[in-house]
Amino acid sequence: MTVKTALIIGGGIAGPVAACALQKAGVEARVFEAYAGPAFNIGSTLGFAPNGLAALDVIGAGDAVRAIALPMTHTVMNLGRKSVPLPALKDVEPLQVVDRSDLQSVLHDHAVKAGIEFEYNKRLVNAEENPDGVVAHFADGTSATADILIGADGIKSLVRTLIDPNAPDAEYTGVLGFGAYARIDRTLPEETMTFSYGKNAYYIYWTQPDGRVGWGANLPHRYLTSTQAREISAVDWLRILEATYGGDNPAGELIAGTDPADLVAIGGNHIMPPVPHWHSQRMVLVGDSVHAPSNSTGQGASLAIESAIQLARCLRDIDDPTTAFDTYERIRRPRVEGIAKRGKRINQTKTMGPIMRRTLPVLMPLATKMMKLNEVMSREQRYVIDWDSRVDEQAELAWV
Ligand SMILES: Cc1cc2nc3c(=O)[nH]c(=O)nc-3n(C[C@H](O)[C@H](O)[C@H](O)COP(=O)(O)OP(=O)(O)OC[C@H]3O[C@@H](n4cnc5c(N)ncnc54)[C@H](O)[C@@H]3O)c2cc1C
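Computed from a predicted structure; not experimentally measured. (Residues numbered from 1 in each chain as written. Predicted model: local features only at pLDDT ≥ 70, side-chain atom pairs only at ≥ 80, totals over all residues. Heavy atoms only, no water.)

Trainee: Please provide a residue-by-residue account of the site of the ligand, values included.
Mentor: The local shell around the ligand holds 28 residues, among which A14, E33, G47, R100 and D288 are the closest. A34 has a polar backbone atom sitting 3.1 Å from a nitrogen atom of the ligand. In the complex, the protein chains occlude 86% of the 1000 Å² of accessible area that the ligand would expose alone. Going through the elements one at a time, β3 (45-48), β17 (263-271) and α10 (300-317) are the ones with two or more residues in the shell around the ligand. Looking at which element gives the most residues to the shell around the ligand, the answer is α10, with 3 residues. In terms of residue class, the shell around the ligand is made up of 11 nonpolar, 11 polar and 6 charged. (Near = heavy atom within 4 Å. Polar contact = N/O pair within 3.5 Å; in protein donor to acceptor, adjacent residues only side chain to side chain. Areas by Shrake-Rupley, 256 points an atom, 1.4 Å probe, with all protein chains shown as cover. Helix = DSSP H or I, 4+ residues; strand = E, 2+ residues; numbered from the N terminus. Nonpolar A, V, L, I, M, F, W, Y, C, P; charged D, E, K, R; others polar.)

As structure tokens, this is what we get:
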């Protein structure tokens, strides 16, 4: 049975991309979003990888994202007082910094222009499969039917538990996320993203074209949801961040130079453990719902986009939906789980105790490790989807 129609649950990053890719594959898709409109997520910045941009080129949205993104042509790792410049990767675009809400808006607008229908205030509450298709039920009492349903409903996915009531939940990585902009009295290198292990915790920073410095912190802390984190005032958070990072250079200046209005508390950072069942007969997962690799990898949005496109490609080439879902899972699982493993290792370094952290700069052969890490990242970032060719499992797995 060829799939002709799809319901996509979630209008974040993976949802609009999946809809555009499915349209290209000849499947009519509608997107259902719980929020009242697009780009309702908390505005924080994310690093966008070259493989994500390459994947967006498949649906013709790459240039629209390049236009709103800030390229980081240099990356540096700071370990205490030591700085290790990471070699630039040849033949791939630089890492980009993009505001997450802007990214979501651009993808939404691209999909709307392509004629994709979005329905808002549609919170999925249940779904049933039958031999002919799937029925989705929404909180407002309405329902919708199609041949298949795609769960692009993020890290707390309901579709994941509809597919498997015993599916694992996302795990807390042990750190809270913060995003901010600061004005400081000195000039930092342009187009440079610095990953920095301070005395007590990890943070990143980069310069903006308007002279401000963008920065983000991963603060070891007990778990807080984003709502709980935002209940604490930005002034209080800046005080807490100062206590942790104040002795680090330039973190102390960044905190002092941040207007509380420019600080966003994101809440606990998550990682998705391996999900045993990616799909049922007519429902399938894409993006953070099935493979959130943790923010440490800088790959969450890019992997979500890749998976959305590969899923559409499998549905284009394989008539039976369950077989298409199986193939999709087989070509994606090794890549996304490999990247998540790397994220998990980085997360462990972010929550190290102070003694271990003090010895970190002494472990400078770590610089060699950084080079190795760079090689791994180079492999991750060179991934390209050959949309025009038929899905070939062997060829896909050669990328892993
Ligand atoms: C602090 C932080 C930093 C990050 N940094 C990076 C980074 O540097 N680089 C990177 O690539 N990624 C990063 N990410 C990850 C990235 O944001 C996600 O990987 C990406 O947003 C996943 O897209 P998605 O579409 O799968 O999920 P989301 O973007 O979460 O979208 C899910 C959508 O589904 C909707 N939804 C949920 N439940 C329902 C329901 N029942 N019914 C209808 N709609 C529903 C939600 O409202 C939402 O709009 C970061 C994430 C965080 C939290």
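Structure's up, so let's keep going.
Trainee: Tell me what's going on with the pattern of salt bridges, and back it up with residues and numbers.
Mentor: If you walk through the whole model with that rule in mind, you get 18 salt bridges. With a closest N to O distance of 2.9 Å, E329 and R333 form a salt bridge. Taken together, the residues E329 and R333, both in helix α11 (residues 321-350) and 4 residues apart, mark about one turn of the helix. Accessibility assignment for this pair places E329 and R333 in one class, buried. Residues R330 and E393 are paired through a salt bridge, measuring 2.8 Å at the closest nitrogen-oxygen approach. Of this pair, R330 sits in helix α11 while E393 sits in helix α14 (residues 393-397), and the two are 63 residues apart along the sequence. Under the relative-accessibility criterion, R330 is labelled partly exposed at 42%. Judged by relative accessible area, E393 falls into the partly exposed class, the value being 24%. The network of salt bridges with common partners includes D57, D63, R66 and E93. (Salt bridge = Lys/Arg side-chain N within 4 Å of Asp/Glu carboxyl O. Buried < 20%, exposed > 50% of the residue type's maximum accessible area, 1.4 Å probe, protein only.)

Trainee: Help me get a handle on the side chain of R335, residues and values and all.
Mentor: Locating R335 in the fold gives a position in helix α11. Residue classification places R335 among the buried residues on the basis of a relative accessible area of 5%. A polar contact is formed between the side chain of R335 and the backbone oxygen of E380, at a distance of 2.8 Å. Filtering out sequence-adjacent residues up to four positions away, R335 remains in contact with N51, L303, E306, R379, E380, Y383 and V400. (Contact = heavy atoms within 4.5 Å.)

Trainee: Residue-level account of the environment of K199, with values.
Mentor: Checked against the element boundaries, K199 lands in the loop between β14 (192-197) and β15 (202-207). Classification of K199 by relative accessible area gives exposed; the value is 51%. For the pair formed by K199 and G246, sequence separation is 47 residues and the distance between their alpha carbons is 9.5 Å. A polar side-chain atom of K199 sits 2.6 Å from the main-chain carbonyl oxygen of G247.

Trainee: Lay out the environment of S296 in plain terms, naming residues and giving numbers.
Mentor: Relative to the elements of secondary structure, S296 occurs in the loop between α9 (288-291) and α10. Using a relative accessible area of 15% as the deciding quantity, one classes S296 as buried. For the pair S296 and I339, spaced 43 residues apart in sequence, the C-alpha separation works out to 10.0 Å.

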